Amino acid sequence: AGSGYSILWMWTKWPEPTILLSPSDQLVIPGDKHIYRLFWESGKVRMISWQDGKVVSWITNTLQNDLDKREMIALATSCK
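A brief report on the enclosed structure follows.

Cut-offs applied
Residues numbered from 1 in each chain as written. Predicted model: local features only at pLDDT ≥ 70, side-chain atom pairs only at ≥ 80, totals over all residues. Heavy atoms only, no water. Helix = DSSP H or I, 4+ residues; strand = E, 2+ residues; numbered from the N terminus. Rg over C-alpha atoms; globule rule 2.2 N^0.38 Å. Buried < 20%, exposed > 50% of the residue type's maximum accessible area, 1.4 Å probe, protein only. Salt bridge = Lys/Arg side-chain N within 4 Å of Asp/Glu carboxyl O. 1 Å grid on protein atoms, 1.4 Å probe; cavity = no way out; pocket = protein on both sides within 12 Å on 5 of 7 lines; lining within 4 Å. Points joined across faces, edges and corners; volume = space filled by probe spheres on them. Nonpolar A, V, L, I, M, F, W, Y, C, P; charged D, E, K, R; others polar. Contact = heavy atoms within 4.5 Å.

Across its full length, the chain carries one helix and five strands. Going residue by residue from the N terminus, the α and β elements of the chain occur as β-β-β-β-β-α. Taken over C-alpha atoms, the radius of gyration comes to 12 Å for the chain, in line with the 12 Å a tight globule of 80 residues would show. Its C-alpha atoms give the chain principal-axis dimensions of about 35 × 25 × 25 Å. Counting all 80 residues of the chain, 32% fall into the buried class.

Turning our attention to the pattern of salt bridges. Using the criterion set out here, one finds two salt bridges in the structure. With its nearest N and O atoms 3.4 Å apart, the salt bridge here joins Asp-52 to Lys-33. Here the residue Asp-52 occupies a position in strand S4 (residues 44-52), and Lys-33 occupies one in the loop between strand S2 (25-28) and strand S3 (35-41), the gap between them amounting to 19 residues. In this structure, Glu-41 and Arg-46 form a salt bridge, with 3.9 Å as the shortest nitrogen-oxygen distance. Relative accessible area serves as the criterion here: at 40%, Glu-41 is assigned to the partly exposed category.

A word on the layout of surface pockets. Volume-wise, the largest pocket comes out at about 190 Å³. His-34, Trp-50, Asp-52, Cys-79 and Lys-80 are, among the 13 residues lining the largest pocket, the residues nearest its centre. Only strand S1 (8-12), S4, strand S5 (55-60) and helix H1 (69-78) provide two or more residues apiece to the lining of the largest pocket. Partitioning the lining of the largest pocket into residue classes produces seven nonpolar, three polar and three charged. Taken as a whole, the second largest pocket holds about 160 Å³ of empty space. Pro-15, Glu-16, Pro-17, Leu-20, Leu-21, Arg-37, Ser-49, Trp-50, Gln-51 and Val-56 are the residues that line the second largest pocket.

This part is about the environment of Pro-17. Mapped onto the elements of the fold, Pro-17 is located in the loop between S1 and S2. It is 22 Å that separates the C-alpha atoms of Pro-17 and Lys-44, two residues lying 27 residues apart in sequence. Not counting residues up to four positions away in its chain, the partners in contact with Pro-17 are Thr-12 and Trp-58.

Shown next, in the form of structure tokens:
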């Protein structure tokens, strides 16, 4: 059994993954080539997705949504 404190990092070449069809908003960071799509749930960022060429990636917050927006953005921007 896991602790529930893990994040999930996924990626696919599937053109429009169903789970990513309805972002809440998007974020553009100056100097970063990606557009980050944020998915909110219960007042917290549940997922963040971005595209790099044909690959779509996303991270999902912990089971309890423990990470705040700043932490989720830091994780998303550090994924290489």
